[in-house]
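As a plain string of letters, each chain reads:
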Amino acid sequence: MKLVINIPCYNEEKTLSTVLAEIPKKIPGIKTIEVQIVDDGSTDRTTEIAASYGCKIISHRKNLGLGRAFKSGVEAALESGADIFVNTDADNQYPSSYIPDLIAPVASGSADIIIGNRVPWTVEHFSPLKKILQWFGNLIVRNLIGTDIPDTVSGFRAYSRESLLRLNVTTKFSYVLDTIVQAVKMDLTVSSIPIPTNPPTRKSRLFKNIFQHMWKSGTSLVRLLIIYRPFQFFGVLAVTSFIPALAIAIRFLIFFYLGIGKGHVQSLLFAVVLVIISGLFLVSAIIAFLIGMNRKLNEEILYHEKKRTFGLSSKTKAAK
């Protein structure tokens, strides 16, 4: 069984050595451990350090974002014949010593994806505001996508080969919400294990502050809901437009019945506008639902194409 440990990097010369030094050299049940970094346009000594540790290096000419770096890492791992894929951060946030625990359920076949749960509300270096926002954000995500994963934005994850073939990264910002929403919709088994976190070594490069992170994550989640739960998304908008329209129309009819409706015609026109908007949302829901059905067919075609492509490339490498 082959394990590929993937580390997206963007100017990580200060911490990469620490991360690489702590990665386990042997894990029971794993025949081959390959460490690869995705150099996302670094301008420092990141690639030199990675090369000194014997890492496989996938390079981007310029910074493309964490989502694209993750995608490049997944494709390289599939091509090399990975059975299990672990993604971790180069800033040493996640303890590499927990990799054996992280991959154990995937190796045994009891889970497709395992997420390292940082238990955010207990992390000492998280501010009270960040803990509250993390808890609230995770609560919203869990309820919207229908999962019980407590730390939905943790980037310390293990994937089975099958899950990598099924998932498709569609965002540049971050893959964490993208892949978990897809996994739930595709009925992949997603679970988690509790892990500690190391003290921060630098500020996040994904966002300037927690509010920007909330905005980016929120817009990403809305986009994913439109893609994967279109009827519910547009259906809610249709209902929220129709209810006030109905209330305004009933109010006008009452005034009209009482003989004082002449001065309230503008409210009736407003109700008509809301009904039209509600109808447009309903039509959008139906169209998006039909497009979603077509997307599922395309995902199935892409899954079989990736199985064929990466299966052949893996056999070719093995033969060499």
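From a predicted model like this one, the values you see are computed outputs, not experimental measurements.

Digging into the state of the cysteines
Counted under the stated rule, the structure contains 0 disulfides. We note that Cys9 lacks a disulfide partner, and the nearest cysteine sulfur, in Cys55, lies 8.3 Å from it. Classification of Cys9 as buried rests on a relative accessible area of 2%.

Considering the pattern of salt bridges
Applying the stated criterion across every chain, the model contains 7 salt bridges. Arg166 is the salt-bridge partner of Glu300, the closest N and O atoms lying 3.0 Å from each other. On the criterion of sequence distance, the pair formed by Glu300 in helix 10 (residues 265–319) and Arg166 in helix 6 (residues 161–166) is long-range, its members being 134 residues apart. Exposure remark for Glu300: the relative accessible area of 34% places this residue in the partly exposed category. With a closest N to O distance of 3.2 Å, Arg295 and Glu299 form a salt bridge. With Arg295 and Glu299 both in helix 10 and 4 residues apart, this pair spans about one turn of that helix. Members of the salt-bridge network, linked through shared partners, are Glu162, Arg166 and Glu300.

Brief notes about the side chain of Asn6
Here Asn6 is to be found in strand 1 (residues 2–9). Look at Asn6 and you get buried, because its relative accessible area is 0%. A distance of 2.8 Å separates polar atoms of two side chains, one belonging to Asn6 and the other to Gln36. Excluding anything up to four places from it in sequence, Asn6 contacts Gln36, Val38, Gly73, Phe85, Val86, Asn87 and Thr88.

Things to note about the packing of aromatic side chains
Following the criterion strictly, the structure yields 8 aromatic pairs and no others. Seen from their ring centres, Phe70 and Phe85 are 5.8 Å apart, and the 80° between their planes marks the pair as edge-to-face. Placement of Phe70 in helix 3 (residues 66–79) and of Phe85 in strand 4 (residues 84–87) is noted, with a sequence separation of 15 residues between them. For the residue pair Phe70 and Phe85, the accessibility class agrees, reading buried in each case. Connected via pairs of aromatic rings, a cluster forms that spans Phe70, Phe85, Tyr159 and Tyr175. The cationic tip of Arg166 hangs over the ring face of Tyr303; the distance from NZ or CZ to the ring centre is 3.6 Å.

Re the UniProt feature "transmembrane region" (unreviewed entry) in the chain
Using the residue numbers shown here, the UniProt feature "transmembrane region" (unreviewed entry) corresponds to residues 233–256 and 268–291. Structurally, residues 233–256 comprises 100% helix and 0% strand, and the distance from its first C-alpha atom to its last is 35 Å. Between the end C-alpha atoms of residues 268–291 the distance is 35 Å, and the span holds 100% helix and 0% strand.

Thoughts on helix 3
An ideal rise of 1.5 Å per residue puts 20 Å on 14 residues; helix 3 measures up with 20 Å between its terminal C-alpha atoms. Most of helix 3 is tucked away, with 10 of its 14 residues classed as buried. Of all the residues in helix 3, the buried ones are Leu66, Gly67, Ala69, Phe70, Ser72, Gly73, Val74, Ala76, Ala77 and Leu78. Following helix 3 by one or two positions, Gly81 has its phi on the positive side, about 90°.

Quick look at the pairing of strand 1
Counted residue by residue, strand 1 has 8 buried out of 8 residues, so it is predominantly covered. Side chains Lys2, Val4, Asn6 and Pro8 project from strand 1 onto one buried face, and the interleaved Leu3, Ile5, Ile7 and Cys9 project onto a second face that is buried too. Both strand 1 and strand 2 (residues 32–40) contribute to a ladder of 8 bridges, which runs parallel. What sits directly across from Pro8, in strand 2, is Val38. Running through helix 1 (residues 16–22), the crossover from strand 1 to the neighbouring parallel element strand 2 is right-handed. Looking at chain direction, strand 1 and strand 4 are connected through 4 bridges and run parallel. Paired with Ile5 across the two strands is Val86, which belongs to strand 4.

Cut-offs used in this document
- Residues numbered from 1 in each chain as written.
- Predicted model: local features only at pLDDT ≥ 70, side-chain atom pairs only at ≥ 80, totals over all residues.
- Heavy atoms only, no water.
- Disulfide = S-S within 2.5 Å.
- Buried < 20%, exposed > 50% of the residue type's maximum accessible area, 1.4 Å probe, protein only.
- Salt bridge = Lys/Arg side-chain N within 4 Å of Asp/Glu carboxyl O.
- Helix = DSSP H or I, 4+ residues; strand = E, 2+ residues; numbered from the N terminus.
- Polar contact = N/O pair within 3.5 Å; in protein donor to acceptor, adjacent residues only side chain to side chain.
- Contact = heavy atoms within 4.5 Å.
- Phe/Tyr/Trp six-rings, centres within 6.5 Å; stacked < 30°, edge-to-face > 60°.
- Lys NZ or Arg CZ within 6 Å of the ring centre and 35° of its normal.
- UniProt positions renumbered as here; feature names shortened; annotations may be inferred.
- Expected span 1.5 Å × (residues − 1).
- Pairing = 2+ DSSP bridges.
- Right-handed = clockwise from strand over helix to strand, strands pointing away.

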